[in-house]
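Residue strings, one per chain:
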Amino acid sequence: MKAVVIEQYGGKEQLNEKEVPTPEINQEQVLIEIHSTSINPIDWKVREGYLKEMLDWNFPIILGWDVSGTIKEVGDQVEGYQVGDRVFARPATTPNGTYAEYVAVEQDLLAHMPERLSFEDAAAVPLAGLTAWQCLFDAANVEEGDKVLIHAGSGGVGSYAIQLAKWAGAYVATTASGKNGELVKALGADHFINYKEENFYDVLDEFDVVLDTLGGDIQEQSYQVLRKGGKLVSITDVPDEDQAKEYGVEAEHVFLNPKGEQLQQIAHLISEGKVKSIIGHKFPFSEQGLKDAHELSETHHAQGKIVIQMKPSAC
């Protein structure tokens, strides 16, 4: 099958197209013919070698951990799925990712796609949507009436987090640039903060939860807006426990744990019109297309999700 791989760590020039064997599935997996995948920061962080101590893999490595497509083969012990089903998933974090024509995925990571959802919109959901879900509900226990600050609300995780927090009944503030103000408001944000014009910590206080998608100085400044006993949840830098204690708050780092059951819950919300994908950019499945997509992702200024179209019309 066609795949785009890396055979050493480095810049985007390490992404190379080549032929590799089609995956063989075990009894608890399905083989998915990929229609779309999407780009996430973990993709280029792995490519650069930032995670090589955590992910001790041999080359070549196929990056990519979002998939939508159709099932082509089903393992003997798989239940509830059959050949031809439209599915999406955040596959396990392995060196055999989704920059390829086929991928093997465990049944417990799968979810059925909503009927009217396109493959592009579906591929945008799994990693970012599940990250938002686990930050808000597993880590922070967001409930109706909570005040939640979501940093970078126009980004991949942020755009889903706004919608999920509003579905849960929370009051949502978010930061974004001026050009994305209307977008985050349309997603449901109650308070939009143009980070280029004002400091969020000057206008917010007594918040229950902060979802930190940026790290660095933003994370340190975020403690100031939390109430005593509030919680900061980060998907970037691991929070400093001593600093959290100084402010009388909790802090936790979340690294996604893929779960098909949670993804199916998000699928139901999509079917009900409560959640939608924001796709700001699409690239073709090619060596150059993926290089261009990585370059954009590394700017940290992409709106919504970056999707890779594996087929000319992935609908």
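In this text the structure is predicted, and so the values were computed from the model without any measurement.

Novice: Hey, could you go over the overall build of the chain for me, with residue numbers and the actual values?
Specialist: Within the chain, the regular secondary structure consists of ten helices and 15 strands. Over its C-alpha atoms the chain spans a radius of gyration of 19 Å, differing by no more than 12% from the 20 Å that the globule rule assigns to 315 residues. Dimensions along the principal axes, computed over C-alpha positions, put the chain at roughly 55 × 40 × 35 Å. Expressed as a percentage of its 315 residues, the buried residues of the chain come to 56%.

Novice: So what's going on with the nonpolar core? Which residues, and what values?
Specialist: Y99 and V142 are the most contacted members of the largest nonpolar core, which totals 90 residues. Ranked by residues supplied to this core, first place goes to helix α3 (residues 126–139) with nine residues. Leave out the neighbours within four places in its chain, and Y99 touches A3, V4, L15, T37, I39, D43, I62, L63, G64, F285, L290 and H294. Formed by 13 residues, the second largest nonpolar core is a distinct cluster that contains A173, V225, L226 and L232.

Novice: Quick rundown of the environment of Q29? Include the residues and the values.
Specialist: As for its position among the elements, Q29 is in strand β3 (residues 29–39). Sequence separation between Q29 and G75 is 46 residues; the distance between their C-alpha atoms is 5.3 Å. Residues contacting Q29, with those up to four places away along its chain left out, are E24, V74, G75, V78, A104, V105, E106 and Q107. Looking at Q29, its side chain comes within polar contact range of the main-chain nitrogen of N26, at 3.0 Å. Looking at Q29, its side chain comes within polar contact range of the side chain of E106, at 2.7 Å.

Novice: How would you explain helix α10 (residues 287–297) if you had to name every residue and give the values?
Specialist: Along α10, the residues classified as buried are G289, L290, K291, A293, H294, L296 and S297. The inward-facing, buried residues of α10 abut β1 (2–5), β3, α1 (41–48), β14 (279–284) and β15 (305–309).

Novice: How would you explain the sheet that holds strand β13 (residues 250–253) if you had to name every residue and give the values?
Specialist: One open sheet accounts for six strands, arranged β10-β9-β8-β11-β12-β13; its pairing is parallel. Looking at the sheet topology across the chains shown, the edges are occupied by β10 (191–194) and β13. Looking at each pair of strands side by side, their axes are set apart by 15 degrees on average, direction ignored. Where strand β9 (residues 171–176) meets β10, four bridges bridge the pair, whose relative direction is parallel. Across the sheet, the residue bridging to A176 is N194, located in β10. The sheet strands contacting α3 are β8 (147–150), β11 (207–212), β12 (226–234) and β13, and the helix crosses β12 at an angle near 145 degrees.

Novice: Lay out the packing of α3 against helix α4 (residues 156–167) with the relevant residues and their values.
Specialist: At a minimum axis separation of 8 Å, α3 and α4 run at an interaxial angle of 50 degrees. Of the possible angle classes, the one that applies to α3 and α4 is oblique. Taken as a pair, α3 and α4 cross one another with a handedness that is right-handed. Contacts between α3 and α4 involve A128, G129, T131, A132, W133, L136 and F137 from the former and G156, V157, Y160, A161, L164, A165 and W167 from the latter. Its residues assigned to classes, the contact of α3 with α4 comprises eleven nonpolar, three polar and no charged.

Novice: Summarise the pattern of salt bridges; cite the residues concerned and give the values.
Specialist: Scanning the entire structure with this criterion turns up eleven salt bridges. Between K305 and D66 there is a salt bridge, with its nearest N and O atoms 3.4 Å apart. Pair noted here: K305 is in strand β15 and D66 is in the loop between α1 and β4 (67–74), with a separation of 239 residues, a long-range link. Considered together, K305 and D66 belong to a single accessibility category, that of buried residues. Via salt bridges that share partners, R47, E48 and E298 belong to a single interconnected network.

Novice: Can you lay out α3 for me, pointing to particular residues and giving the numbers?
Specialist: Among the 14 residues that make up α3, 13 are buried, leaving the element largely enclosed by the rest of the structure. Downstream of α3 by a residue or two, N141 has a phi angle that is positive, lying close to 50 degrees.

Novice: Can you break down the environment of H268 residue by residue, with the values?
Specialist: Residue position: H268 is located in helix α9 (residues 260–271). Between the C-alpha atom of H268 and that of I34, which follows or precedes it by 234 residues, the distance is 22 Å.

About the thresholds
- Residues numbered from 1 in each chain as written.
- Predicted model: local features only at pLDDT ≥ 70, side-chain atom pairs only at ≥ 80, totals over all residues.
- Heavy atoms only, no water.
- Helix = DSSP H or I, 4+ residues; strand = E, 2+ residues; numbered from the N terminus.
- Rg over C-alpha atoms; globule rule 2.2 N^0.38 Å.
- Buried < 20%, exposed > 50% of the residue type's maximum accessible area, 1.4 Å probe, protein only.
- Core = buried A, V, L, I, M, F, W, Y, C linked by side-chain atoms within 4.5 Å.
- Contact = heavy atoms within 4.5 Å.
- Polar contact = N/O pair within 3.5 Å; in protein donor to acceptor, adjacent residues only side chain to side chain.
- Pairing = 2+ DSSP bridges.
- Axes fitted to C-alpha atoms, helices over the stretch in contact; angles between N-to-C directions.
- Parallel < 35°, antiparallel > 145°, perpendicular 65-115°, else oblique.
- Left-handed = near helix turned anticlockwise from the far one by under 90°.
- Nonpolar A, V, L, I, M, F, W, Y, C, P; charged D, E, K, R; others polar.
- Salt bridge = Lys/Arg side-chain N within 4 Å of Asp/Glu carboxyl O.

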